[in-house]
Amino acid sequence: MRSGLTLCIALAAMTAACGSADSAAPAQPVVASATPASTTTTTRPATTIPATTTTAPATTTTTTLPPPTTTTTTTTTTTTTTTTTTTTLPPVTNTACRSVVLIGDSTAVGLERAGVLGELARVGAGDVRLEISGGRSTVERLAGQENAVEAAQRVAATGYNGCWAVVVGANDAANIAAGSNADAPTRVSRMLDAIGGQPTIWMGATSIAGSGFWARPNVQSWNNQVSDLLDSSDSAVFADWDSVASTNSWFASDGIHPNADGSSAMASFIADHFLFFFPQR
């Protein structure tokens, strides 16, 4: 996805990938009565039992009781003092990820200028490699460019062993909305296979666009699916960037790309989430 309003160039052989004005229209959201009890009262005639008088000789019996005994009970209360000791651990200041490969689309183009290298160094990741390309998705590709899966495969083939940040998804959401036959599970599975089980943060995409293939509902649907799919992963986690970004004025006029403030906030968000998800123990 390229910066500004030109989100993806239309290619003759890639209608769904670009989501141009001539592409297929986005998929429509698939989108007893109770009866009161009867009470009967029966009145019977009064029955009088005749009294019988018996006269017995009076008998007087005198019983001498022993003097009363007073019992005193003493209750002893034992007070137990419980001492609770609270140990405060020092805050974690470094991530276990010393190296990070960041694979991104055009929404990540401003990260280097926004200081993402310094932000990651702040939490202990001093070796950072940026693999960012406009128009990128996990499956579709623009002419002469790698998609996200191919970029990850190329890096992994060098023997890289470290952590990953995946900052793609807006174009995936748009391509799915345009009718791509590659669904979210397929895309996520291919990406994780390319990364090979190494620690990964997958950034949620964001959009406040009201229409088009990149409209907010399409991006939210993508995020929900990715989050659910990563719940079962032992190595990859989902970072909900949209919940933060969508409530702030961090967007360019297209409602998709971040402005300078948005890129700065994203750089800090990525670093903080490496610290949170993968802290140094």
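Everything below is about the structure printed above this text.
About the cut-offs
Chains are numbered independently. Their residues run from 1 in the order of the written sequence. The predicted origin of the model limits local features to residues at a pLDDT of at least 70 and limits the giving and counting of side-chain atom pairs to 80 or more, whereas totals for whole chains, interfaces and linings rest on all residues. The side-chain figures draw on all heavy atoms in the structure; neither hydrogens nor water molecules are used. Each helix is a run of DSSP H or I of at least 4 residues and each strand a run of E of at least 2, with the numbering of both proceeding from the N terminus. Any residue under 20% of the maximum accessible area for its type is buried, any over 50% is exposed, and the rest in between are partly exposed; the area is computed with a 1.4 Å probe on protein chains only. Note that accessible areas follow from Shrake-Rupley with a 1.4 Å probe, and for residues the cover is restricted to the protein chains shown. The disulfide definition used here is simple: a pair of cysteine sulfur atoms within 2.5 Å. Only strands joined by at least two bridges in the DSSP assignment are considered to pair. The axes used here are C-alpha line fits, helices contributing only the stretch in contact, and every angle between their N-to-C directions lies in the interval 0 to 180 degrees. Throughout, the term roughly parallel applies to angles under 35 degrees, roughly antiparallel to angles over 145, roughly perpendicular to angles from 65 to 115, and oblique to all others. Working rule for contacts: check all heavy atoms of both residues, and any pair within 4.5 Å makes them a contact. Residue classes follow a fixed rule: Ala, Val, Leu, Ile, Met, Phe, Trp, Tyr, Cys and Pro count as nonpolar, while Asp, Glu, Lys and Arg count as charged, and any other residue, Gly among them, counts as polar. For salt bridges, the criterion is a side-chain nitrogen of Lys or Arg within 4 Å of an Asp or Glu carboxyl oxygen. N or O atoms within 3.5 Å of each other form a polar contact, as long as, within protein, one can give a hydrogen and the other can take it, and as long as residues adjacent in sequence are counted only when both atoms are side-chain atoms. To estimate how far a helix should reach, multiply one less than its number of residues by 1.5 Å. Pairing of aromatic rings covers Phe, Tyr and Trp, the last through its six-membered ring, and needs centres within 6.5 Å; plane angles under 30 degrees mean stacked, over 60 mean edge-to-face, and all others mean tilted.

Draft legend 1. A look at the overall build of the chain. The secondary structure content of the chain amounts to eight helices and five strands. In sequence order, the chain lays out its α and β elements as α-β-α-β-α-β-α-α-β-α-β-α-α. Counting over 281 residues, the chain shows a buried share of 41%. Just so you have it, the chain exposes about 16700 Å², and 52% of that area is on carbon and sulfur atoms.

Draft legend 2. Looking closely at the state of the cysteines. All told, the structure shown has one disulfide when counted by the stated rule. For Cys-97, the disulfide goes to Cys-163, at an S-S distance of 2.0 Å. Handedness here is read from the sign of the S-S torsion; for Cys-97 and Cys-163, about -80°, the answer is left-handed. On the criterion of sequence distance, the pair formed by Cys-97 in the loop between helix H1 (15-18) and strand S1 (99-104) and Cys-163 in strand S3 (residues 163-167) is long-range, its members being 66 residues apart.

Draft legend 3. Representation of the sheet that holds S3. Pairing in this open sheet of five strands is parallel, and the strands run S2-S1-S3-S4-S5 from one edge to the other. Either end of the sheet is taken by a strand with one partner, and the two such strands are strand S2 (127-132) and strand S5 (236-239). Direction aside, the axes of adjacent strands within the sheet are offset by 15° on average. By the bridge criterion, six bridges tie S1 to S2 in an arrangement that is parallel. What sits directly across from Gly-104, in S2, is Ile-132.

Draft legend 4. Structural context of the packing of helix H3 (residues 148-156) against helix H5 (residues 184-195). At a minimum axis separation of 8 Å, H3 and H5 run at an interaxial angle of 10°. Judged by the inter-axis angle, H3 sits roughly parallel to H5. Only Arg-190, Met-191, Ala-194 and Ile-195 of H5 make contact with H3, whose side of the interface consists of Ala-148, Val-149, Ala-152, Gln-153 and Ala-156. For the contact of H3 with H5, the per-class residue count stands at seven nonpolar, one polar and one charged.

Draft legend 5. Quick look at the packing of helix H4 (residues 170-177) against helix H6 (residues 216-230). Between H4 and H6, the least distance of the axes is 9 Å, while the angle of their chain directions is 110°. Looking at the two axes, H4 sits roughly perpendicular to H6. Between H4 and H6, the residues in contact are Asp-172, Ala-173, Ile-176 and Ala-177 and Asn-218, Val-219 and Trp-222, respectively.

Draft legend 6. Here's a closer look at the pattern of salt bridges. Under the definition given, this model contains nine salt bridges. Taking the shortest distance from any N to any O, the salt bridge between Arg-122 and Asp-272 comes out at 2.9 Å. Within this pair, whereas Arg-122 is found in helix H2 (residues 116-122), its partner Asp-272 is found in helix H8 (residues 260-277), the two being separated by 150 residues in sequence. One salt bridge connects Glu-146 with Arg-154, and the closest N-O pair in it is separated by 2.8 Å. Taking relative accessible area as the criterion, Glu-146 reaches 26% and is therefore assigned partly exposed. Note on Arg-154: relative accessible area 33%, which makes it partly exposed.

Draft legend 7. The environment of Asn-218, seen in detail. Along the chain, Asn-218 turns up in helix H6. When the C-alpha positions of Asn-218 and Ala-174 are compared, they lie 6.8 Å apart, and in sequence the two are 44 residues distant. Within the structure, Asn-218 has its side chain in polar contact with the backbone oxygen of Phe-213 (distance 3.0 Å).

Draft legend 8. Structural view of the environment of Gln-280. Summarising the element assignment, Gln-280 is placed in the segment after H8. Residue classification places Gln-280 among the partly exposed residues on the basis of a relative accessible area of 38%. Considering only alpha carbons, one finds Gln-280 and Thr-93, 187 residues apart in sequence, at a separation of 8.0 Å. Residues contacting Gln-280, with those up to four places away along its chain left out, are Val-92, Asn-94, Thr-95, Ala-96 and Arg-98. A polar contact is formed between the side chain of Gln-280 and the side chain of Arg-98, at a distance of 3.4 Å.

Draft legend 9. Spotlight on H5. Look at H5: 17 Å from first C-alpha to last across twelve residues, which is about the 16 Å you get at 1.5 Å a residue. At its buried positions, H5 is contacted by S1, H3, S3, H4, strand S4 (200-203) and H6. Remark: Gly-196 follows H5 within two positions and exhibits a positive phi of approximately 75°.

Draft legend 10. Fine view of the packing of aromatic side chains. Within this structure, the stated rule accounts for six aromatic pairs. Here the aromatic rings of Phe-274 and Phe-278 are separated by 6.3 Å at their centres, their planes lie at 40°, and the arrangement is tilted. As far as burial versus exposure is concerned, Phe-274 and Phe-278 are alike and both buried. The rings of Trp-241, Trp-250 and Phe-269 are connected pair by pair, giving a single aromatic cluster.

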